[in-house]
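Here are the chains, one letter per residue:
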Amino acid sequence: MSVPKSDFDRRKQISVRGIAEVESVTSIKKTFNQHLHFTLVKDRNVATPRDYYFALAHTVRDHLVGRWIRTQQYYYELDPKRVYYLSLEYYMGRSLQNTMINLGIQAACDEALYQLGLDIEELQDLEDDAGLGNGGLGRLAACFLDSMATLGLASCGYGIRYEYGIFDQKIKDGEQVEEPDDWLRFGNPWEKARPEYMLPVNFYGRVEKGDQGRAKWVDTQVVFAMPYDNPVPGYMNNTVNTLRLWSAKSPHDFNLKFFNSGDYIQAVLDRNQAENISRVLYPNDNFFSGKELRLKQEYFMVAASLQDLIRRFKSHKFGSRDQVRTSFDTFPDKVALQLNDTHPSLAIPELMRVLVDIEGLPWEQAWAITVRTCAYTNHTVLPEALERWHTATLQHLLPRHLEIIFEINYRHLQEVQKKWPGDVDRMRRMSLVEEEGEKRINMAFLSIVGAHAVNGVAALHSELLKTTIFKDFYEMWPERFQNKTNGITPRRWLLLCNPSLADIITDKIGDGWVRNLWELAKLKPLADDQQFLRRLMQIKMENKMKLALYIKEKYGVTVNPASMFDIQVKRIHEYKRQLLNCLHIITLYNRLKRNPNAAFTPRTIMVGGKAAPGYHTAKQIIKLINAVGRVVNNDPIIGDRLKVIFLENYRVTLAEKIIPAADLSEQISLAGTEASGTGNMKFQLNGSLTIGTLDGANVEMREEMGAENFFLFGMTVEEVNKVAPTYNPYHYYERNPELKMAVDQIRNGFFSPSRPETFHDIADILLKYDRFLVLADYDEYIKCQDQVGKVYMDQMAWAKMSLMNIATSGKFSTDRTITEYANEIWGVEPSNIRLPAPHEPLFAPLVAKTPGLKEDVARPTAVQSGMQNGGAGDRKA
Ligand SMILES: *Cc1c(COP(=O)(O)O)cnc(C)c1O
């Protein structure tokens, strides 16, 4: 939507956009015109909106460069312990507005573009999302980067520069169709390729035993990893950290054997094979598919990143000149590796391989270093999501790593045997090698054995790890197990996406909440301030009207902005129970049809999310929601009292549009299945009320806000465990006429009259195979929704609850999460330092602020400070 803002509108948004100084506006206009001319080679007669977007992006990028170089130089000089976040996914979304906000130049850019006669929002909409993630896990990594930079941590993210991110979802005839996400088509103005730091990664080959039995991995195929650096600006602290993403490059002599045999063309074509490694993100959320290419991606990322950070460790600067660290004893004091799920868990055998085979360390010493360096975050207890690689696949692709894993397992089982002599069953349970059927390596077990810290992502989930899937390991190493409740960055998820709400908050309590979200608690006294509550509802209404306009433009459906916007957006998965939501929709429809004149709270129910392309049931769920929507939305009896919208192509940018407009947030997973959830937190921060189960972080959200501000329903984990073994869906189906009617309609083709058998599978799942006990929670869910409907009718009561939701969301900032990781896992202290701006003298202001730092850190003698903080990267890469 490109509703040009009036001059007045733009100027009044001071807190969000900073203050537009005449000087900076003038310089931004000048730089913008220079980029249009020199970078894009266009003049204003022929420039397209996309040219203007790129000219603006380059202008903003210019403001990053000095700070980026300065930050890395600062880390290099100070040589703090560095935190490396390893993740196969970074769901970054767009960069332009986030960069302007974090640099404090949004108001100036706004004003400059306005003076140039351009609509900045229209240009922002031309940026493709960096969709290098599937859902919550990838978005968490992106929020973590923002917080690590804002807290001034010497950290760096490592990942893969997928040429194609998460697919674009199109809905055709009510069904999901996937299209490739060609996000780099027009170029990426934010990244900087670093071909000079390219590194080799080996695959295949075999293991030879060399001198003194030292293993040698030989006859390998080499692929190069080319780094692309992406800036990660902290919020208003002149810190810019790095996200280094690797892209696969064929070595010069790839497939030389074909070349020699005369097939020159084939040899050149085959170069693509090697480069396929970084071609595309696997689109599975919470599902392990076991494909060799995926294993290649995982090892590719790990091997390149470890070489890179070991090089950085060795070549640090101390004394009067650059020297090389020769001992690895201090490695865990200088390096922390955080594994985002088991996807990068090959870091453990790879670090062992480097230390033992290449650096020549004894196994025991290498193992102590590895364990002290690595930490592992678990994201799910669903068995189908746990990575268990076939030993045959590992043997073929990474023979030396498989040997190392066997050796780790041998020594591990000796420890188990020592602790529980003769407990053969426990040995079998705790083995990293699963022997039933085809042999597999349990990567979660490998990660626990090879890490000093293991954490779950919400309190409930962390407890479940200790009592269920990792029980044996908890009994062995109770001190390793921790909880780190997830969070979200308040910069993107409030300041950026909901500027009007951000402004009224800042009006009341100042802007300290942006860096310290706990300060939102200062809003609590306003729960009885009628004027403030009305203002809150007014902003919600404005956001809803904007979303209604988008829905009208995109789907041609007119929705009533006064109706309750009831929203469930997340990946489509059986455990998230979109089907439960769907049964509620059908129930409401049937009630309206039966009794058109009864009191009814109007609702616009929106569901959005992608299904993994190979997940048949998830795709059927999308089809069902669309089919139900077609019936409901076109029924004249219903009018605008009930509308069902399937939101196409849910992604970070769409989340930013939808969440500020939500009245009700649906967080209805079966208790014990959603590890944390982060969508739930985004809604709370934006003043939506939640209907939810006691699952994941819902539990802690409800604790923070108080039970009276949360719509709770459904079985607890304990109740699920009681019901599940003898779950009989017919029991519920036969006792509840509304439920029976809804399931029957799905089965008999009521929503698919032209092909009545379309949803047989769905009905069968609900009545026969449902692992997620949808029907068991139906009755309570419907009753709870009825209560939601009643409360919504009392707008002031609703507004008060909404305010209490916002005021108690302080805990769910990733600034809090990252501070806990830093203190309790990484052993580093967030510095919260504000680096000097590029125009300020080099490090002079730091001298005063940095304890133990007596001279300008630019001088080599002053580096021996005890500071364990800073950011990432260095001037040697
Ligand atoms: C936050 C977010 C998620 C995670 O949502 P959950 O409800 O926690 O599963 C998924 N996708 C996108 C685009 C997000 O922004």
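Residues numbered from 1 in each chain as written. Predicted model: local features only at pLDDT ≥ 70, side-chain atom pairs only at ≥ 80, totals over all residues. Heavy atoms only, no water.

> How would you sum up the overall build of the protein chain? Please name residues and give values.
Scanning the protein chain for helices and strands turns up 36 helices and 27 strands. Computed over the C-alpha atoms, the radius of gyration of the protein chain is 28 Å, within 12% of the 29 Å expected from 2.2 N^0.38 for a compact globule of 877 residues. If one aligns the C-alpha atoms of the protein chain with their principal axes, the spans along those axes are about 85 × 75 × 60 Å. The proportion of buried residues among the 877 residues of the protein chain is 62%. When the accessible surface of the protein chain is split by element, carbon and sulfur atoms take 53% of a total near 32900 Å². In the protein chain, the 107 positive side-chain charges and the 109 negative ones have mean positions that sit 2 Å from each other. (Helix = DSSP H or I, 4+ residues; strand = E, 2+ residues; numbered from the N terminus. Rg over C-alpha atoms; globule rule 2.2 N^0.38 Å. Buried < 20%, exposed > 50% of the residue type's maximum accessible area, 1.4 Å probe, protein only. Areas by Shrake-Rupley, 256 points an atom, 1.4 Å probe, with all protein chains shown as cover. Lys, Arg positive; Asp, Glu negative; His and termini not counted. Charge placed at Lys NZ, Arg CZ, Asp CG, Glu CD.)

> Before we move on, can you summarise the site of the ligand with the specific residues and values?
Taken together, the neighbourhood of the ligand is formed by 15 residues, with Lys-570, Lys-576, Thr-678, Gly-679 and Lys-682 sitting nearest. Between the ligand and Lys-570, the relevant distance is 2.6 Å, taken from an oxygen atom to a side-chain nitrogen or oxygen of the residue. For the ligand, an oxygen atom lies 2.8 Å from a polar atom in the side chain of Lys-576. Judged by its atoms lying within 2 Å of the grid points, the ligand is housed in the largest cavity. Put simply, the parts of the chain that give the shell around the ligand at least two residues each are α26 (652–658) and α27 (679–685). Within the shell around the ligand, the residues separate by chemical class into 6 nonpolar, 5 polar and 4 charged. (Near = heavy atom within 4 Å. Polar contact = N/O pair within 3.5 Å; in protein donor to acceptor, adjacent residues only side chain to side chain. 1 Å grid on protein atoms, 1.4 Å probe; cavity = no way out; pocket = protein on both sides within 12 Å on 5 of 7 lines; lining within 4 Å. Sits in = over half its atoms within 2 Å of the grid points. Nonpolar A, V, L, I, M, F, W, Y, C, P; charged D, E, K, R; others polar.)

> Can you tell me about the packing of aromatic side chains, naming the residues and giving the values?
To describe a pair of aromatic rings, one takes the distance between the centres and the angle between the planes. Counted under the stated rule, the structure contains 25 aromatic pairs. Measuring from ring centre to ring centre gives 6.1 Å for Phe-32 and Tyr-52, while their planes differ by 15°; the resulting arrangement is stacked. Of this pair, Phe-32 sits in helix α3 (residues 22–39) while Tyr-52 is found in helix α4 (residues 49–78), placing the two residues 20 residues apart along the sequence. Taking relative accessible area as the criterion, Tyr-52 reaches 8% and is therefore assigned buried. An aromatic cluster is defined as three or more aromatic residues linked by ring pairs; in this entry it consists of Tyr-85, Phe-144, Tyr-821 and Trp-826. A cation over an aromatic ring shows up here: Arg-426 above the ring of Trp-420, its NZ or CZ 3.9 Å from the ring centre. One residue, Lys-682, lies across the ring of Trp-493, its end atom 4.4 Å from the ring centre. (Phe/Tyr/Trp six-rings, centres within 6.5 Å; stacked < 30°, edge-to-face > 60°. Lys NZ or Arg CZ within 6 Å of the ring centre and 35° of its normal.)

> Outline the sheet that holds strand β19 (residues 440–442), listing residues and values.
Strand order across the open sheet formed by 3 strands is β17-β19-β18, with antiparallel pairing between neighbours. Across the chains shown, the open sheet's two edge strands, defined by having one partner strand only, are β17 (388–390) and β18 (433–434). By the bridge criterion, 3 bridges tie β17 to β19 in an arrangement that is antiparallel. Of the residues in β19, the one forming a bridge with His-390 is Arg-440. (Pairing = 2+ DSSP bridges.)

> Please provide a residue-by-residue account of the nonpolar core, values included.
Counting 245 residues, the largest nonpolar core has Phe-203, Phe-300, Trp-513, Leu-523, Leu-583, Phe-711 and Trp-826 as its most contacted members. Here the element with the most residues in this core is helix α11 (residues 292–314); it accounts for 11 residues. What Trp-826 contacts, discounting residues up to four positions off in sequence, is Lys-81, Val-83, Met-148, Leu-153, Ala-336, Gln-338, Ile-818 and Tyr-821. In this structure, Cys-109, Leu-118, Ile-120 and Val-240 belong to the second largest nonpolar core, which totals 29 residues. (Core = buried A, V, L, I, M, F, W, Y, C linked by side-chain atoms within 4.5 Å. Contact = heavy atoms within 4.5 Å.)

> Tell me about the confidence of the model for the protein chain, and name the residues and values.
Looking at the protein chain as a whole, the pLDDT averages 93, with 92% of positions reaching at least 70. Taken together, the stretch residues 1–8 has pLDDT below 50 and engages in 17 contacts with residues farther than four places along the chain or on a different chain. (pLDDT = per-residue confidence, 0-100.)

> Explain the sheet that holds strand β25 (residues 664–667) to me, and be specific about the residues and the numbers.
Reading across from one edge, β24-β23-β22-β25-β26-β27 is the order of the 6 strands in this open sheet, with parallel pairing throughout. Two strands lie at the open edges of the sheet, namely β24 (642–647) and β27 (711–712), each paired on one side alone. The pairing of β25 with strand β26 (residues 689–692) spans 4 bridges and is classified as parallel. Paired with Gln-667 across the two strands is Gly-692, which belongs to β26. The sheet contacts of helix α23 (residues 530–555) involve β22 (564–569), β23 (603–608) and β24, and relative to β24 the element is tilted by about 70°. (Axes fitted to C-alpha atoms, helices over the stretch in contact; angles between N-to-C directions.)

> How would you sum up the packing of α3 against α4? Please name residues and give values.
Close contact between α3 and α4 brings their axes to 8 Å; oriented N to C, the two are set at 120°. One finds that α3 runs oblique with respect to α4. For α3 against α4, the interelement crossing comes out right-handed. Facing α3, whose interface residues are Ile-28, Thr-31, Phe-32, His-35, Leu-36 and Thr-39, α4 presents Asp-51, Tyr-52, Ala-55, Leu-56, His-58, Thr-59, Asp-62 and His-63. (Parallel < 35°, antiparallel > 145°, perpendicular 65-115°, else oblique. Left-handed = near helix turned anticlockwise from the far one by under 90°.)

> An account of the environment of Tyr-650 is needed here, citing residue identities and associated values.
Mapping Tyr-650 onto the fold places it in the loop between β24 and α26. By relative accessible area, which is 14% here, Tyr-650 ends up buried. Each C-alpha atom, one on Tyr-650 and one on Ala-347, is 32 Å from the other, the two residues being 303 residues apart in sequence. Each residue touching Tyr-650, except ones within four places of it in the same chain, is listed here: Tyr-91, Gln-169, Val-569, Lys-570, Gly-608, Gly-609, Lys-610, Ala-655, Ile-658 and Ile-659.

> Tell me about α11, and please be specific about residues and values.
With 23 residues, α11 should cover 33 Å at 1.5 Å per step; its first-to-last C-alpha distance of 33 Å lies within 8% of that length. Of all 23 residues that make up α11, 18 are buried, and the element is covered over most of its length. (Expected span 1.5 Å × (residues − 1).)

> Could you give an account of the packing of helix α14 (residues 363–373) against helix α16 (residues 399–419), naming the residues involved and the relevant values?
To describe two helices that pack against each other, one gives the angle between their axes and the distance between the axes. Between α14 and α16, the shortest axis-to-axis distance is 13 Å and the interhelical angle comes to 90°. When the axes of α14 and α16 are compared, the pair comes out roughly perpendicular. Contacts from Trp-363, Glu-364 and Trp-367 in α14 reach Ile-404, Glu-407, Ile-408 and Arg-411 in α16. Here the contact of α14 with α16 is composed, by residue class, of 4 nonpolar, no polar and 3 charged.

> Give a description of the state of the cysteines that names residues and reports values.
Throughout the structure, instances matching the rule amount to 0 disulfides. The closest cysteine sulfur to the non-disulfide-bonded Cys-109 is located on Cys-497, 19 Å from its own sulfur. The exposure class of Cys-109 is buried, given its relative accessible area of 0%. With no disulfide of its own, Cys-497 has Cys-143 as its nearest cysteine by sulfur position, at a separation of 11 Å. A residue is classified by how much of its surface remains accessible, and Cys-497, at 13% relative accessible area, is buried. (Disulfide = S-S within 2.5 Å.)

> Lay out the UniProt feature "modified residue: N6-(pyridoxal phosphate)lysine" (unreviewed entry) in the protein chain with the relevant residues and their values.
Feature annotation in UniProt places "modified residue: N6-(pyridoxal phosphate)lysine" (unreviewed entry) on Lys-682, given in this structure's numbering. Considering the arrangement of structural elements, one finds Lys-682 in helix α27. Given a relative accessible area of 7%, Lys-682 falls into the buried group. Setting aside chain neighbours within four positions, we find Lys-682 in contact with Arg-139, Ile-488, Trp-493 and Ile-659. (UniProt positions renumbered as here; feature names shortened; annotations may be inferred.)

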